[in-house]
Each structure stands twice: as C-alpha cells, then as structure tokens.
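An overview of the molecular structure
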Amino acid sequence: MNKKVILKVENIWKVYPNGIVANKNINFEVHEGEIHALIGENGAGKSTLMKILFGIENPEEGKIILNGEEVKIENSKKAISLGIGMVHQHFMLVDSLTIAENIVLGNEPKKFGMFMNKEEMQKRAAECSEKYNFNINVNEKIENVSVGVKQKTEILKALVRGAKILILDEPTAVLTPQETKELFVELNTLKKQGHTIIFISHKLNEIMEICDRVTIMRHGTTVETSFVKDTSPQDISNKMVGREIVLTVEKKPARRGDVCLETENLVYVNNIGKKSLDGVSIKLRKGEILSVAGVEGNGQSELAGILTGMIKPLSGKVIINEKLIEEYEPSVFRSNKLSYIPEDRMTNGCAAKLSILDNMFADKIDQFLYNYIFLDRKKMREKAEHNVEDFNILCGSIQHQVQMLSGGNIQKVVASRELTEEAEIIIAEQPTRGIDAGASELIRKKIVEFRDRGAAILLVSADLNEVLELSDSTIVMHNGKVNAYFQDTSKLTEEELGYYMLGVKKQTEEEVKGIL
Amino acid sequence: MESMIQAVFSTTFLFSVIRVATPLILASMGAVITSNAGITNIGIEGVMLTSALTGVFASAYGFGPWFGFVIAIITGVVCSLAIGYASMSLKADSVLACIAFNTMAVGGTVYFMYAIVKDKGTTIALNSGKLPSIEIPIIKDIPIIGEILSNHNVVSYIAFFMIIVVYVLLYKTPLGLRIRSAGKAPNALSSVGVSLLKIRYIALGISGVLGGMAGAFMSMGYVTWFSKNMTAGRGFIALAADAMGNSTPIGAALSSLLFAVAEALSYSLQVTMIPPELVQMLPYLVTIVGLVAYAAKRSKSEKKRKEKLAEE
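Residues numbered from 1 in each chain as written. Chains lettered and ligands numbered in written order. Predicted model: local features only at pLDDT ≥ 70, side-chain atom pairs only at ≥ 80, totals over all residues.

1. Looking at the overall build of chain A
Along its length, chain A carries 18 helices and 25 strands. Expressed as lengths along the three principal axes of its C-alpha atoms, the size of chain A is roughly 75 × 50 × 45 Å. Per-residue burial for chain A yields a buried fraction of 47% across its 516 residues. Intrachain contacts of chain A at a sequence separation of at least 6 include 70% that bridge at least 24 residues. (Helix = DSSP H or I, 4+ residues; strand = E, 2+ residues; numbered from the N terminus. Buried ≥ 20, exposed ≤ 12 C-beta atoms within 10 Å, placed from the backbone. Contact = placed C-beta atoms within 7 Å.)

Below, the structure is given as structure tokens:
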C-alpha cells in the first residue's frame, strides 16, 4: 500500500464563541489513495474538524499540512483550490437547476464572452460522470432525482473542481441500502484513480466494509488511528464510547403503573423523502423512565416531535390515556398533561429575549389571570422565586433575559416550566446536552423525583451515560425502527448498548415486542 | 353597454394598454431579477419615483430627454445599491429599509422639486421635453395592427425588448445561473466559492437600471413633467406581477399586461356607470385566488409524494 501522507493535522484546537470546546488537540494523518474513516459519537467533534479542513471554520491553534507543506485554509474557495472537496450531509444543490448546471455552477463554460455554453457544460458533466462510472443523466433537474443521484452530483461537483481529497460527511445517512452499495462501488473506483477519501460515519459495518484505516474520536479529541483489518467492530465501539461511567443519581426500583402513552406503527417521511420513522410501536407506563437511545438521526427526534404535536405522522396512531389523538397540535398534547423539554432549548425551549419570569409561565398564563384579562404579576413573581430556589437557577434577577444565562441555567428554566405538579407524561429530549455537570445532575434528579411521583417519562438521549444511569427500560432506535427493547436497563452494559445503536446487533421482532 | 364594448374593442384602448403597461413591465422585470436572486425589492417604487424626478431635471438643465434617461438609469442603480448596502452590508431589516426609502422618496422628491422649481405639485413649468415616439415602418401601414403597435414612445419598445433581455440574462448566461442559485439555494452558491453578496448586488444594480427606465418613462414619456407621487403604487403592482408570474420574465410580463388592461379599462369605463374602482379590483382578486390555488396544489402534491415514498 502507498504510505505517502497527503494530509496531516497537528494539535488542532477549536473553541466556539459560546465557550464549547469542539476540538482539543486533534492529531491525525491521511494516506494518499486510502479511504479513511472518522468515527465518533455525536458531539465528538467530527463535523467541526471537517469544517476546519474545508475552511468553513478556522481553528484557534494547530497546523494543517498538505503534501508536506503547511497551509492555511481560510475559506471554502481556498480549500477547493487546494484540491479538497466536501460533500455535506445537507446537500448544497439548487433544486430547480439540472445536474449539469449544478456541477458547473461558479465555473461555467462560456461562449461569445457572455452566454452559457450549454453543449460544453453538458459535455463536461457527462464526461466526468462517465469517467467515474456514475451513470447519471446530467440533464435531469435535481428536484426530479433520487437522493442517491443528488449525492453523486455533489461528488461530481467536487471532482470537476479538481478535488484530490474528498470529505464525505455521513454519506450513507440519507441513502437506501441499494444506493449505499452503489456509492461504495463508486468510492472504490475513485480510490483506484488515486483519490483520497475521508469518510465520516457512525455505521460500523460500513467502515469495516469499505475503509482502509479508521480514526476514532471521543469528546473532541482523537483517540486512536488503526488499520481496519487489524481491528473489530467491538473494539471500535468500545473506544468510541469510552469507559468512564459516573453514576450520580440514586434511584429506587420503578413501580410501573398503567400504560398512559402508546404509539402504533408510526411512519414519518421527512422533507428529503426519507422514512425517518418506519413503523414504530411503543408503550410508556406510569412510574417508569423509558429511554430512547440511538445514534442521532435514526428517528428519535421525529418520534419526540410527533409525541408532542410538533409534527404530524404520515400514518399510525398515538394514544394518550386510552384516547386517540386526532389532531397534531402542541396544545392538544399539553391539554393531556404532557410536558416537553425540547432538544433545542434556544429555538423551541424558550423565548431567548423574554425574561426568566415570562418564560417560566409561557404555557400556563391562564393560571395567573385576574378579572379574566390581566396577568397577576405578583403571583407570577412569587412562583418564579420559588422555582429559582427549587431548581437552583443562578441569575441576577428573574426579570433578566433568558439569553443572559448560561446553558445549564437556561435548561433549568425550561425544566422548571415543564416539571410542574400537573405533569403526568414528560417527554425529555436530550435534557442535559451541553450543560455542566451540576445542572445535569439536578435535572436528572428532578426527573427521577417525578417518576417516583408516578409520572411517565420518555427520555430521548444520545448520551449513553444518561441512558444507563437514569432509565428503567430502554429502547434502541436504528434506521427509523425500534431495534431493541430492554425491560431492565440495569442489566445492560454500555458496550452492549453501543452494538445495538450502531446496528452491529439487532433483536428479533418477538424480543422488540416485549414492550407491548 | 354598447359604448363600453366599443370602448374596449377600439384600437385606442389597445394602444393605451401598451402605454400603461410600459412602466409596469419595466419595473416587474426589475422585480423578477431581484426575486430570482432571493431579494424582495419593495424599494422599486421609490427607485422609480426618484429616477422620474432626476430624469426631468437632467433633461431640463442638462442635455435633453436622452441625457435625462441616462441620468434616471444611473439614479436607479445608485438608489438600488444604497438599499442593498443598508440591508445586506449593514444588516438593516430589508423590508424596513425599503419602506423607509420609499417614504423618503415621496417626501424627498417634493422637497427638491420645490427647492428647484418652487412648486410642490408638478414640474410642469419646466420645459423638460419628451422622449420621442417612433413610427414603425411597414407595420404602421397595416390597418388596425399599425394603429395599435406603431407610434408608441421609444421606451415602450425598450420595455418589450427588455423582456427578452431579462429572459436571456436569466436563462442563457452564467450570471443568470448564479442569480437563480442565489435565490433558490444560497448555500449551494457559497459552497462553490461564489460570493452571494456580490451576486445580489449585481441583481439589485440591474433592477435599478430597469426601475430607472420605468421612472424615466413616467416623467418623460407618459407625461412630460414630474408630479408628486406620480408612480402611485406602480412599483408595488410590478411586485405583484412578479409574484403572479412566478418570477419568470414571460409570466411577469403577461401579468403586467393584465394589470395594464385593468388600468386602461378603468380609464375607459369612467364614462359608464360602473365604478372604476370595482374594475381595478379584479386583477388583484385574480392574483390572490391564483396564489392560493397554487399553494394548495403544491401542498397536496407534496403529501402524495411522501405517501408514495412511504409505500416503497
């Protein structure tokens, strides 16, 4: 094998303005002509690293060495001129244009000095497509082609611009199994023609199948690079997940009651036409914490969205307390005593520019009315002061804007609004993501406290620690389906969970039906 | 009733439709360019009005109507770029920037008109001249058609020519490809290393040229003077034509003609009993119904598409 190092990354640090350290001390090398996998959990810093290599983000520290020379990649234009191409997870294509037009955009062939040279454009696109055996009709409009063809267009876009190194950000996340197979054939063709490919993925089996070497990332840093043939899926999974499990919350065994929330065969198709939920049936019982584990993008957020009325399923049923939900509106769900801690606290969780006080009661102002139309500010203030104490929210005043608080305290404000006496069903989506240990612990304790009071909690989390520590039962989602159900989370290890999350293992249908 | 039918089917009526359509077509072509680039250019109304005034002044105090025409175009470009600078480079809210500009244009033109010709209503006292009308050889001798198509102001012919120019620009040139990409998928454009800002400035500049021509026609073709707020919402009608025409040059031109028919009709019908305001309402009603029907059809086909995908 050719061992020439084409790209080397040394001691890269990236700190975002909000203080999140996305990359710390990243080191890795890519050999010329190899398919190099980059694997890691969500938030491990893979995307940030790739954005740095493609000039979308600039690192605070560190060196990028391309072909033995140190380079500064200030923007994407520079990256392209250096022969680096990137295929983003979200396609950067113009739907109303043809494939050929998308390919030449920004680099259009001309005639008579100012007009488009259509023949030349089609010829160029078709030649490139043929050269790499892509087999597509370049005169089709993007809006009429499948996701797989869109991706091929993206790859061609990079190749036409002379990319020698191709970065693919989770390329198979949007593909069907057949399209994935086709993509792999194409990637191998590219490899044979001397291109280097950096392949970002969570899917272990794919990495085993197509990649030469794999670099594992965890918590913003690179753990190890090894040859794929010298390693095993179990090994990679263990290194990805890590071993430090810190149990901070003590809880008694669950006392399960009646089923209060159930779904039947939920199907949801997202905007790009992918089935993000493919027949999901679950049951949630009073007094239990059921966690939904899974690598992000396997349907968990769509499930949470449907169960809170934010989005509407294409087919299937949601039944709350034996009542069939007919209208998917957040108010319908909330009137069934369901509360929701959303994943994106700044967009859906709070109104950033309103005060802490106003945010706390946004969903229940009718409880604070006098003479039917006026707000009882005094009562609100008293209740808010009580919440601040109860949830240990660090703030100067309850009149301050929520956006002035730290992430952890914002999340506490959201939690204090949602975790109230009347809440019977709580959908908590990544409730402790990106917040400090103290705030996480408090929120987790609160969740357990509510469970002990008899509330049912659906915990959507990509954080394995949280799943293992907090939940009584666990389901694992993979490719829009429930891949596994564990009635007793305490018997589960993180390795085991990792296998199911990554699709290395899969339960039989009977086992999954244990939940029903 | 008979007089009404006579009025509508007369050659003078059709002649006036073309005359009335001229500023609408020009301004709607400007709107087509900017909306393709992803900008809703509400400021086109103020651009027209400002250009109408500077054109008159340049013609009267400079070197005649053609000089005025050029100055009107330059004014249009400068005003459009200024709006772009406020909203894109300085990040002001674009709707507010445009509304502020339009309001300023109404007041500002009156102020300068008064400062220079000491009249707050019109510049009629100023001998500012008129862009020439043109007789088209051969066509002018054909009965009926000649009466309708010949002897229009030169800007009317330019307006129709601009439909072709805008069409070619949008669909046959690299710049057009980039402009359309800027509107449909700005990320796609940036990802291939093209400056989104640059493309949007260029689009605004071109819309300024077209808006400037529209303004020049108002004060040096339609009539021969500038009067207070003489554009009277034609810029907004042009935006509606752009929306109704789905931001295509041909669609916007046809919509402009539809609005022009309604406007000409409302002039002709002033002699009859029907209130002209009622007639003027019709095209707007058509716009709303059309847009609603279009949106309904699209969301229905989207649902079908998803159902089909789910079955696979």
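2. Observations regarding the interface of chain A and chain B
At the junction of the two partners, chain A supplies 22 residues and chain B supplies 19 residues. Those elements that provide at least two residues to the side of chain A that touches chain B are α2 (76–81), β8 (115–116) and β13 (259–269) of chain A. Considering each element in turn, the side of chain A that touches chain B owes the most residues, three residues, to α2(A). By residue class, the composition of the side of chain A that touches chain B is twelve nonpolar, four polar and six charged. (Nonpolar A, V, L, I, M, F, W, Y, C, P; charged D, E, K, R; others polar.)

3. Considering helix α4 (residues 118–131) of chain A
Residues and elements named next belong to chain A. With 14 residues, α4 extends 20 Å between its outermost C-alpha atoms, agreeing within 8% with the 20 Å of an ideal straight helix rising 1.5 Å per residue. Here α4 has its buried residues at M121, R124, A125 and S129. Down the axis of α4, the sector holding all buried residues measures 125°, keeping them to one side. Exposed and facing more than 90 degrees away from the buried side of α4 are E119, E127, E130 and K131. Residues of α4 that are buried in the fold lie against α3 (99–104), β8 and α5 (147–160). Positioned one or two residues after α4, N133 has a phi angle of 60°, which is positive. (Expected span 1.5 Å × (residues − 1). Arc of directions from axis to C-beta.)

4. Side note on the domain arrangement of chain A
All names here are of chain A. Taken domain by domain, chain A consists of domain 1 (5–241), domain 2 (251–337 + 424–516) and domain 3 (351–422). Computed over C-alpha atoms only, the centres of domain 2 and domain 3 are separated by 27 Å. Counting from both sides, the interface comprises twelve residues of domain 2 and, opposite them, twelve residues of domain 3. (Domains from an automatic or database assignment.)

5. Describing the sheet that holds strand β4 (residues 61–66) of chain A
All names here are of chain A. In space, the four strands of this open sheet follow the order β2-β1-β4-β5, with antiparallel pairing throughout. The sheet is open, and its two borders are formed by β2 (21–31) and β5 (69–71), each paired with just one other strand. In this sheet, neighbouring strand axes are inclined to one another by 25° on average, regardless of whether the strands run parallel or antiparallel. With three bridges connecting them, β4 and β5 associate as antiparallel partners. In the sheet register, I65 faces β5, and the bridge partner there is E70. (Pairing = 2+ DSSP bridges. Axes fitted to C-alpha atoms, helices over the stretch in contact; angles between N-to-C directions.)

6. Focus on the sheet that holds strand β11 (residues 213–218) of chain A
Residue and element names in this part refer to chain A. Reading across from one edge, β6-β9-β10-β3-β11-β12 is the order of the six strands in this open sheet, with mixed pairing throughout. The open sheet has two edge strands, β6 (84–87) and β12 (221–227), and neither has a second partner. The sheet shows a mean angle of 20° between the axes of neighbouring strands, taken without regard to direction. Two elements, strand β3 (residues 35–40) and strand β10 (residues 196–201), share five bridges in a ladder whose sense is parallel. Across the sheet, the residue bridging to I35 is I197, located in β10. Contacts from α5 reach β6 and β9 (165–169), with the element oriented near 170° to β6. Strands in contact with helix α6 (residues 177–192) are β3, β9 and β10; relative to β10, the strand with the most contacts, it is inclined by about 150°.

7. Let's talk about the packing of helix α3 (residues 44–61) of chain B against helix α4 (residues 65–89) of chain B
All names here are of chain B. Contact geometry for α3 and α4: axes closest at 7 Å, N-to-C directions at 145°. In this structure, α3 meets α4 at a crossing whose hand is right-handed. Along its contact with α3, which presents G46, V47, T50, S51, T54, G55, V56, A58 and S59, the element α4 presents P65, F67, G68, F69, I71, A72, T75, G76, C79 and S80. For the contact of α3 with α4, a count of residues per class yields nine nonpolar, ten polar and no charged. (Left-handed = near helix turned anticlockwise from the far one by under 90°.)

8. Quick notes on the packing of helix α7 (residues 154–172) of chain B against helix α12 (residues 249–268) of chain B
Residues and elements named next belong to chain B. For the pair α7 and α12, the least separation of the axes is 9 Å and the interaxial angle reads 155°. Between α7 and α12, the angle is such that the two are roughly antiparallel. The interaxial crossing formed by α7 with α12 has right-handed handedness. Contacts between α7 and α12 involve I163, V166, Y167 and L170 from the first element and P249, I250 and A253 from the second. (Parallel < 35°, antiparallel > 145°, perpendicular 65-115°, else oblique.)

9. Considerations on the domain arrangement of chain B
All names here are of chain B. In terms of domains, chain B is made up of domain 1 (2–274) and domain 2 (278–312). In this complex, domain 1 contributes ten residues to the contact, which on the side of domain 2 involves eight residues. Listing elements by their share of the side of domain 1 that touches domain 2, those giving two or more residues are α11 (234–244) and α12. Counting residues per element, the side of domain 1 that touches domain 2 draws most heavily on α12, which supplies five residues. Partitioned by chemical class, the residues of the side of domain 1 that touches domain 2 number nine nonpolar, one polar and no charged.

10. As for the nonpolar core
Across soluble globular proteins, nonpolar side chains have a tendency to be buried as a group. I84(A), I167(A), I457(A), L26(B), M29(B) and M213(B) are the most contacted members of the largest nonpolar core, which totals 226 residues. Looking at this core element by element, the count peaks at twelve residues for helix α10 (residues 196–222) of chain B. For I84(A), the residues in contact, after removing those within four places along its chain, are L53(A), F54(A), A79(A), A163(A), I165(A) and I167(A). (Core = buried A, V, L, I, M, F, W, Y, C linked by C-beta atoms within 7 Å.)

11. A few points about the pairing of β12(A)
Within a regular strand, the side chains alternate between the two sheet faces. Residues and elements named next belong to chain A. In the sheet, β11 pairs with β12 via six bridges, with the strands oriented antiparallel. The residue bridging I216 from the neighbouring strand is E224, located in β12. The hairpin turn running from β11 into β12, its antiparallel successor, is two residues long, and H219 in that turn takes a positive phi close to 45°.

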